[in-house]
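The chain contents come next:
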Amino acid sequence: MDDELDDTRDTRLRLVRAMMWAALGLIMTFRLMVALEEGLGWPVVLVTMAPYPPLVALLTGPHRLRVRNGLLAALVILYAVPFAVAGTHWEWLPWPLAVAVLCSFRGRVAWPLFGLLLVATGVAGLWAGDDVLTTIIRTLKTATNGLIVFGLYALTVMAARLDAARGDLARLELQRERRRLGGELGAVVGEHLRAVSERLAQAVDAEPEIARDRLHVAVGAARQALADIRATAAGYRVSPPLPPPIESPKVARLMLAALIACQATLHAVVSVVTYHRPWTLLLTVPLMAAAGAVQLLMKPSRKQLILLGLLLGVPVIPFGYLLWELVFLTCLWPFFLGLVLTRMRPPRSLILTGVAVALYIALLFYPPPASNLAGMAANLISLTILTWVSYGLIRLSNLVVLLHQAERDLTREALIQERTRVARDLHDLLSFSLSAVALKGELCERLLDIDPARARAELAALPELVERARAELESVAHATVGLNLDQELAAAHTVLETAGIRTVATVETGPLPPEVDTAMAAALREAVTNVVRHSTARTCTITIVSVGHTVRLRVVNDGAAEAPPSAPRPGPGGSGLTGLAERTGGRLTAGSQRGGRFELVAEFATGP
């Protein structure tokens, strides 16, 4: 099963990386088409593509500092080579440098460098003789391509880190919860145990009256600790509140916003350059702004898709044939199609995407004849790139949210299990030990008048029980609880005899597997606790025997009530005998017998 899960994770991460590499490959193909459209020879085209290998190598990182710096230097040098071959007679977009800057440095360094690169691009364009609008177009294209690759790269790295660190947050939170619970238990129960120890130490060598007073205070503290333990255990069984929902990663929202802004601005400038009618911006810019607001601010829904379709579709067809500047609204179609592909299921999403692409092609080829096929192919590739990027940003954003949610759910489940374990161990362990302390203390009080020598002997044994309770408190807090059947048999005999219950124990079994020994010890402790708390027993028989590949514990006591509360029943958080059987994988039966007796039988497998 684990291997299957690992295979699923590997497949998912391969798909995540493939989305980024596919976008990068489409951008490179688009740049190739543009170079061919400009009429450059193949040697020059290949030279302009020389920076791509070091860029790919950078994105396959992480690399050591020397390797990264070497790749950056190679990228800069190879980007400068085409200028020596073709001058500025090619579309020299420094987008590989923009990608390298954003993906190689931390944000505090990367974004200022990115901004400086865009400024340098504009200044270089003006210096080379470009007009202002052409310079703006080049700068926006550089920013768009850089942001496209960086957005997918950042989400890919984020998803990989989340997948690699799965469970780390749960382990850290579990350690923090154990420290918190340990401190809380120390404050709630530890103070009572320290008070019990102090009063017992004062009572050991004191006069009878003083010893009685000290014993009375110690027993009261033990009873109070027992009550506090039960209240604390009940509180720990309450699940922690649900955390607030996780928002999509900020990097995805910012990249989508930046890409929409860049595309809208770019095509607004292109429309002015192409048709020389700036007044049309009064119509197209508000439509683009409204579409961007719907995309970025509305929650994903059918209403969002319908609004985007109306804002971006209806003005283009048929009104785009009346005012050609409206056709530039198609620059935002990829963001609509990205939503369609992620929010709708096939085949509807594929049909709608196909219809949009067919309409886009119709706009490119009308009115005939089509004179620039290479340019139209480049436009189709551009549509494909942006659609893929929009889809990738949304899809990867959802994946990152799912990974965050899975990590947080795992953490919450670990905390719930830890709180349940502490509640169970408080019930199963400390309740038993403190009940023994209280019973033995009360016995000492009674014996002080009728048998002082025995009272002193019993009193001398009490500190050891208190220390055992303190050790169990420490083990509960640090999840190091361990029970031993031999020790529990001795403790059960002591507790039952102290409560005035005559005990007969028979053990006919050899060494048990550690997990079975612990389970038997836990079952015995729970059974004895119920005998003391829920019956008026005078006798109790404990029998442990091996039958084939099974070990059986049988506890029988008299003085049972008509409807004994010790009968197995589900308890909150898995406490009680039924919960014990569920936790240990054993089989447990219990019920009233004739003559006011109560019988409990627990069986655990010792072999196949």
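Residues numbered from 1 in each chain as written. Predicted model: local features only at pLDDT ≥ 70, side-chain atom pairs only at ≥ 80, totals over all residues. Heavy atoms only, no water.

Engineer: Hey, could you go over helix H17 (residues 485-498) for me, with residue numbers and the actual values?
Structural biologist: For H17, spanning 14 residues, the distance from its first C-alpha to its last is 20 Å, which sits close to the expected 20 Å at 1.5 Å a residue. Those residues of H17 that sit buried are Leu 485, Glu 488, Leu 489, Ala 491, Ala 492, Val 495, Leu 496 and Thr 498. A distance of 3.0 Å separates the backbone nitrogen of Asp 486 from a side-chain oxygen at the start of H17, and that oxygen is part of Asn 484. Gly 500, located one to two residues past H17, shows a positive phi value of around 80°. (Helix = DSSP H or I, 4+ residues; strand = E, 2+ residues; numbered from the N terminus. Expected span 1.5 Å × (residues − 1). Buried < 20%, exposed > 50% of the residue type's maximum accessible area, 1.4 Å probe, protein only. Polar contact = N/O pair within 3.5 Å; in protein donor to acceptor, adjacent residues only side chain to side chain.)

Engineer: Lay out the packing of aromatic side chains with the relevant residues and their values.
Structural biologist: By the definition in use, this model includes nine aromatic pairs. For the ring pair Tyr 79 and Phe 83, a centre distance of 5.7 Å and an interplane angle of 70° mean the geometry is edge-to-face. Residue Tyr 79 and its partner Phe 83 are located together in helix H4 (residues 65-86), separated by four residues, close to a single helical turn. Classification of Tyr 79 by relative accessible area gives buried; the value is 10%. Under the relative-accessibility criterion, Phe 83 is labelled partly exposed at 29%. One aromatic cluster is present, built from ring pairs that chain together Tyr 79, Phe 83, Trp 90 and Trp 92. (Phe/Tyr/Trp six-rings, centres within 6.5 Å; stacked < 30°, edge-to-face > 60°.)

Engineer: Residues and numbers for the sheet that holds strand E4 (residues 587-593), please.
Structural biologist: The strand order across the open sheet formed by five strands is E1-E2-E3-E5-E4, and the pairing between neighbours is mixed. The sheet terminates laterally at strand E1 (502-508) and E4, the two strands that pair on one side only. Each neighbouring strand pair of the sheet contributes to a mean axis angle of 10°, computed without reference to strand direction. Here H17 sits on the sheet in contact with E1 and strand E2 (539-547), set at roughly 165° to E2. Each of E2, strand E3 (550-557) and strand E5 (597-605) is contacted by helix H18 (residues 514-534), which is oriented at about 10° to E3, the strand it contacts most. (Pairing = 2+ DSSP bridges. Axes fitted to C-alpha atoms, helices over the stretch in contact; angles between N-to-C directions. Contact = heavy atoms within 4.5 Å.)

Engineer: Go over the pattern of salt bridges, please, and point to the residues and values.
Structural biologist: Scanning the model with the defined rule gives 17 salt bridges in all. For Glu 442, the salt bridge is made with Arg 223, and the minimal N-O distance between the two is 3.1 Å. Remark: Arg 223 occurs in helix H9 (residues 208-236) and Glu 442 occurs in helix H15 (residues 373-450); sequence separation between them is 219 residues. We classify Arg 223 as partly exposed; its relative accessible area is 34%. A salt bridge links Arg 552 to Glu 603; its shortest N-O distance comes to 2.7 Å. Of this pair, Arg 552 sits in strand E3 while Glu 603 sits in strand E5, placing them 51 residues apart in sequence. (Salt bridge = Lys/Arg side-chain N within 4 Å of Asp/Glu carboxyl O.)

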